[in-house]
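# Report on the structure
In case you want the letters, here they are:
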Amino acid sequence: AIGNIKGFKSGTLRLAVVTTSKYFIPHLLGPFLEKYPDIDIQLNIGNRQQTIERLKQGIDDFYVFSHPPSDIETQSIEFLTNPLVAIAHEDHPIAKKQNLTLKDLSKEPFIMREKGSGTRYAIEEFLKHHNTKLNVKMTIESNEAIKHLVMSKLGISILSAHTLMYGGQSGLVRLPIKELPINAHWFFVWSKSKRQTLLAAEFLDHIETNGRSLLQKEMISNDILSR
Ligand code: PGA
């Protein structure tokens with residue numbers, strides 16, 4: 001009914017989101033599509049740099065980042081926590097150790113996301129802050145491929161805990177490193193200069209009124225927030 005009142009029944013909602021958020025964005029879209037079955041959704045998934053380019057070009061209604069660009073005029077809402085955690089295979093010797101610190105991590109072969117990745121940006125800022133370097137052995141453009149390499153015991157990594165949601169983590173464990181997690185946050189971002197459609201405004205309302213609490217519950221039930 002609200003769709004009629006607000007003057008839309010159909011239309012296209014365009015979203016561009018960073019790769020790590022693809023684990024939860026679809027779960028937000030489901031209930032919205034149920035409410036507005038005649039709308040279309042275009043979901044673009046790229047790394048942080050690719051998503052910033054789309055924002056600059058004004059292509060989409062909303063963007064999802066955990067590190068929004070500071071040099072573009074935008075509006076945003078903070079949406080959800082995004083803890084970045086260290087992962088290893090459960091049989092990796094480091095997984096057996098206790099009282100782990102960043103120093104223990106820095107000796108191990110590390111698998112890093114590519115340049116342009118927000119995950120990498122967050123890790124680099126964190127390392128600067130702690131005045132440490134990692135032993136980067138591989139650079140990979142995909143969270144999934146990194147997880148599989150860690151499962152194959154080829155190294156360790158730091159990824160968003162969201163990448164561990166909804167199964168598929170066979171053999172992966174989270175390392176209790178003293179200095180971790182990196183406490184990032186998700187933001188929904190939109191351009192100040194682009195006029196918001198009624199559909200986009202309704203989606204924003206949906207995120208704020210239903211989406212946030214829905215995902216917080218899922219994060220808790222998937223044990224995303226524990227250390
Ligand atoms: P990424 O972004 O997918 O580019 O690593 C994630 C983030 O911004 O935290």
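## Description of the overall build of the protein chain
When its secondary structure is counted, the protein chain shows eight helices and nine strands. Relative to its length of 227 residues, the protein chain is compact, with a C-alpha radius of gyration of 19 Å against a globular reference of 17 Å. Judged by the C-alpha coordinates and their principal axes, the protein chain covers about 60 × 35 × 25 Å. Taking all 227 residues of the protein chain together, the buried fraction comes to 48%. Considering only contacts in the protein chain between residues 6 or more positions apart, those separated by 24 or more positions represent 82%. Approximately 11,300 Å² of the protein chain is accessible, and the part contributed by carbon and sulfur atoms is 48%. Of the side-chain charges in the protein chain, 28 are positive and 24 negative, and the distance between the mean point of each set is 5 Å.

## So, the packing of helix α2 (residues 25-35) against helix α8 (residues 198-221)
A pair of packed helices is characterised by two quantities: the angle between their axes and the separation of those axes. Contact pair α2 / α8: the axes reach a minimum separation of 9 Å and the direction vectors enclose 130°. Between α2 and α8, the crossing angle belongs to the class labelled oblique. Between α2 and α8 the crossing geometry is right-handed. Here α2 contributes His 27, Leu 28, Leu 29, Pro 31, Phe 32 and Lys 35 to the contact with α8, which in turn contributes Leu 199, Glu 202, Phe 203, His 206, Gly 211, Leu 214, Leu 215 and Glu 218. When the residues that make up the contact of α2 with α8 are grouped by side-chain class, the tally is eight nonpolar, three polar and three charged.

About the criteria used
Residues numbered from 1 in each chain as written. Predicted model: local features only at pLDDT ≥ 70, side-chain atom pairs only at ≥ 80, totals over all residues. Heavy atoms only, no water. Helix = DSSP H or I, 4+ residues; strand = E, 2+ residues; numbered from the N terminus. Rg over C-alpha atoms; globule rule 2.2 N^0.38 Å. Buried < 20%, exposed > 50% of the residue type's maximum accessible area, 1.4 Å probe, protein only. Contact = heavy atoms within 4.5 Å. Areas by Shrake-Rupley, 256 points an atom, 1.4 Å probe, with all protein chains shown as cover. Lys, Arg positive; Asp, Glu negative; His and termini not counted. Charge placed at Lys NZ, Arg CZ, Asp CG, Glu CD. Axes fitted to C-alpha atoms, helices over the stretch in contact; angles between N-to-C directions. Parallel < 35°, antiparallel > 145°, perpendicular 65-115°, else oblique. Left-handed = near helix turned anticlockwise from the far one by under 90°. Nonpolar A, V, L, I, M, F, W, Y, C, P; charged D, E, K, R; others polar.

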